[in-house]
Amino acid sequence: MAVAVTTKTAWKLQEIMAHSSNVSSVVLGKGSGRMLATGGDDCRVNIWSVSKPNCIMSLTGHTTPIESLQVNPNEKLIVAGSRSGSIRVWDLEAAKVLRTLPGHKANICSLHFHPFGSFVASGSLDTNIKLWDVRRKGCIFTFKGHTEAVRCLRFSPDGKWVASAADDHTVKLWDLTAGKLMFEFTGHTGPVNVVEFHPNEYLLASGSSDRTVRFWDLEKFQVVSCIEEEATPVRCVLFNPDGCCLYSGFQDSLRVYGWEPERCFDVVLVNWGKVADLSISNNQLIGVSFAQSTVSSFVVDLSRVPKSDSVPQGLIRDDQPLVPPTPTGSSLRRIYDRPSTSCSKPQSRVKHNSESERHSPSSEDDRDEKESKAEIQNQEDYKEIFQPKNAICRTPPRNEPFPAPPEDEPGTAKEAVKPSQAVDVQTSLPKQELPDPVQRPMNASSTSLSRTEPSVIPAARNEPIGLKASDFLPAVKNQSQTELVDEEAMSQIRKGHETMCVVLTSRHKNLDAVRAVWSTSDIKNSLDSAVAINDLSVVVDLLNIVNQKASLWKLDLCTIVLPQIEKLLQSKYESYVQTGCTSLKLILQRFLPLITDILAAPPSVGVDISREERLHKCKLCYKQLKNISNVVKNKSGLSGRHGSAFRELLLLMAVLD
């Protein structure tokens, strides 16, 4: 009798070297869950098939790093936005650029395809949202209303609305037909990273850096529920196809939520770090994340994850009775009315009113499109996936789910992927079948990653920096000696244990000392004590608390914190840089106008001691901000959200020049 093998609920599928430089954006095709697109600082967009190690196609034409990507529902088109504000649309079947859409003045932070028509929405660091007609190569309308970068855009399932999430803590709902704002949802206390429409009901979900997920009723325009007890920012959300639950991607975990009442059905630990996108296929959830030049893909078996038809693992609110979930298809809310045919003119009124904004084709744009190329790097996979345009089944068979590794085996990147697809192909096939030199950065296997310590240490990482397991084991002098004595191995491992304990104990004492000062005095004295300890980690821990409550900030505090921020912005630790950026942004928004006004004011008549003290503090802050502005200017060329934060700070500091 065969013994049943227990398989994993979540596992790592693959890790690939996606670009020759840092990866700045990744997106999954939602139609199949098998198509992956990556954008990098090398200004290329690379197309992959999930679980296969070789790049299918490389799209060129952008002259600045890629900041945002999106694939249309039938996976025939892909749109990419760059740091310069330029947008390009490629036809994957024809392997050529379809349109170049200039118009934004800053980074493209978000993109989304209309579910029916040939329309694209784009959100930018310039705070504007633009609606584009891909066929006519023009901007139909520009929506203005956000005050900070627009991080996410989503069209409603019926194609009549578009929802936007921004760093200004708001979610806005726009009417495409009327070309105006329908409603502004407020309630988040941090930047809103993602929004997602329910597939059937008039319901919208939003996830924020304030670590909450909120559900909004689109008929009554009010909050339905809010899930608040999370430890990390919400990075991406996705409704189950039947709408029974919401999957939320956090750092190293997937959470499954219900909203009436708000509750968490399950928490699945997935070691994916900062997950960037989610897709569902064959009852499996595929998640992708990136760090530096590598992209990792992960799989969660949804058949083993409790949903709304299961008993939840724990209620968010225990004082409320458990209400049985509403059966699928019998919603209490209004259902979207989807058109039976393609929506060819969903914005007729907008087009009429905004004809002056439409961009007319020019010879310069035609030249740009001629310079854009689609380099097919894997002819066989390209023909299999994109070429048969008129075939009934355009894509390769996708009815086979990814095989789950056994529970008792370590889920490494190589073990999670079929050896014939990942390990063997990555090490041998590229040299034999793909001699194209452009392929070199794409073919590096996950085992070829350098073990040297990177210049910037990411906040989320799956292994220690610059650490090898062999470093803890005694050197084998005799090659025939294959077994190590347990005592030798343990003594080698224990060598650094006491030192690490001393470091952690010291940090704990430092935090206790700062906490004691805060409880008996005020925030200024506690920050003074943290700075005096001369340990940046303690300063970071304290700033992470102070940043949550803007009312704690005073001008006195700025004079203490600004020199520390300068150190944090130049740190090799990503988490330190993020904390420094958050604190600096808060200071610039709250105190820079005050500082400039006081410095520009004429001298007072007589002696005013309090004014003189305030003037002295403002001069000190101004001098420190000038020093920091040089650091911000040097780092504004970085890619991804990291670079966007520095460029946003640079805009806020423009008055210093």
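1. Quick word on the pattern of salt bridges
Thought 1: This model, assessed by the stated rule, comprises 14 salt bridges.
Thought 2: Among the salt bridges present, the one from Arg135 reaches Asp133, with a minimum N-O distance of 3.4 Å.
Thought 3: Residue Arg135 is classed as partly exposed on the basis of its relative accessible area of 40%.
Thought 4: Residue class for Asp133 comes out buried when judged on its relative accessible area of 2%.
Thought 5: Between Arg154 and Glu196 there is a salt bridge; the shortest N-O distance is 3.1 Å. Here Glu196 lies in strand β18 (residues 192-197) and Arg154 lies in strand β14 (residues 150-155), a separation of 42 residues in the sequence. The two residues Arg154 and Glu196 agree in class, both being buried.
Thought 6: Taken together, the salt bridges that share partners define one network made up of Glu67, Arg83 and Arg647.

2. Side note on the nonpolar core
Thought 1: If you look at the biggest cluster of nonpolar residues, it comprises 42 residues, and the most contacted ones within it are Trp553, Leu562, Leu569, Leu584 and Leu625.
Thought 2: For this core, the secondary-structure elements that each account for two or more residues are α9 (523-533), α10 (536-546), α11 (555-569), α12 (574-600), α13 (609-635) and α14 (640-652).
Thought 3: At 11 residues, α12 tops the list of elements feeding residues into this core.
Thought 4: One finds Val194, Leu203, Val213 and Phe239 within the second-largest nonpolar core, a separate group that totals 34 residues.

3. Description of the pairing of strand β17 (residues 180-185)
Thought 1: As judged from the 5 bridges shared by strand β16 (residues 171-175) and β17, these two strands associate in the antiparallel manner. Paired with Asp175 across the two strands is Lys180, which belongs to β17.
Thought 2: Hairpin remark: β16 followed by β17, antiparallel, with 4 residues in the connecting loop; positive phi at Gly179, about 70 degrees.

4. Thoughts on the packing of α10 against α12
Thought 1: Relative orientation of the contacting elements α10 and α12 amounts to 45 degrees, with a least axis distance of 10 Å. The orientation of α10 with respect to α12, classified from their angle, is oblique. When the axes of α10 and α12 are compared, the crossing they make is left-handed. Between α10 and α12, the residues in contact are Leu536, Ser537, Val540, Leu543 and Asn544 and Tyr576, Thr579 and Ser583, respectively.
Thought 2: When grouped by side-chain class, the residues that make up the contact of α10 with α12 number 4 nonpolar, 4 polar and no charged.

5. Here we look at the sheet that holds β14
Thought 1: What the 4 strands build is an open sheet, ordered β14-β15-β16-β17; its pairing is antiparallel. Taken across any chain shown, the strands that pair with only one partner, and hence form the sheet edges, are β14 and β17. The average undirected angle you get between the axes of adjacent strands in this sheet is 20 degrees.

6. Details of the pairing of strand β20 (residues 213-217)
Thought 1: For β20, the tally of buried residues reaches 5 of 5 residues, placing the bulk of the element in the interior.
Thought 2: As judged from the 5 bridges shared by strand β19 (residues 203-208) and β20, these two strands associate in the antiparallel manner. If you follow Ser206 over to β20, its bridge partner there is Arg214.
Thought 3: Counting the residues between successive antiparallel strands, the hairpin from β19 to β20 contains 4 residues, one of them, Arg211, with a positive phi of roughly 70 degrees.
Thought 4: Relative to strand β21 (residues 222-227), β20 runs antiparallel, the two being bridged by 5 bridges.

7. Examining unusual backbone geometry
Thought 1: Backbone torsion omega between Glu260 and Pro261 reads -5 degrees, so that peptide bond is classified as cis.
Thought 2: Position of Pro261 relative to the elements: it lies in the loop between β24 (253-259) and β25 (262-269).
Thought 3: Of note in the backbone geometry, Thr127 takes a positive phi value of approximately 75 degrees without being a glycine.
Thought 4: Inspection of the secondary structure puts Thr127 in the loop between β11 (119-124) and β12 (129-133).
Thought 5: Of note in the backbone geometry, Gln292 takes a positive phi value of approximately 55 degrees without being a glycine.
Thought 6: Topologically, Gln292 is positioned in the loop between β27 (284-291) and β28 (294-301).

8. Topic: the packing of aromatic side chains
Thought 1: Inspection of every chain in the model, using the stated rule, returns 12 aromatic pairs.
Thought 2: Centre to centre, the rings of Trp272 and Phe298 are 6.3 Å apart; their planes meet at 90 degrees, and the pair counts as edge-to-face. A residue pair is termed long-range when its members are at least 10 positions apart, and Trp272 in the loop between β25 and β26 (275-281) and Phe298 in strand β28 qualify at 26 residues.
Thought 3: A network of ring pairs unites the aromatic residues Phe183, Phe185, Trp216 and Phe221 as a single cluster.
Thought 4: For Arg34, the ring lying beneath its charged end belongs to Phe402, and the centroid distance is 3.9 Å.

Conventions used here
- Residues numbered from 1 in each chain as written.
- Predicted model: local features only at pLDDT ≥ 70, side-chain atom pairs only at ≥ 80, totals over all residues.
- Heavy atoms only, no water.
- Salt bridge = Lys/Arg side-chain N within 4 Å of Asp/Glu carboxyl O.
- Buried < 20%, exposed > 50% of the residue type's maximum accessible area, 1.4 Å probe, protein only.
- Helix = DSSP H or I, 4+ residues; strand = E, 2+ residues; numbered from the N terminus.
- Core = buried A, V, L, I, M, F, W, Y, C linked by side-chain atoms within 4.5 Å.
- Pairing = 2+ DSSP bridges.
- Axes fitted to C-alpha atoms, helices over the stretch in contact; angles between N-to-C directions.
- Parallel < 35°, antiparallel > 145°, perpendicular 65-115°, else oblique.
- Left-handed = near helix turned anticlockwise from the far one by under 90°.
- Contact = heavy atoms within 4.5 Å.
- Nonpolar A, V, L, I, M, F, W, Y, C, P; charged D, E, K, R; others polar.
- Phe/Tyr/Trp six-rings, centres within 6.5 Å; stacked < 30°, edge-to-face > 60°.
- Lys NZ or Arg CZ within 6 Å of the ring centre and 35° of its normal.

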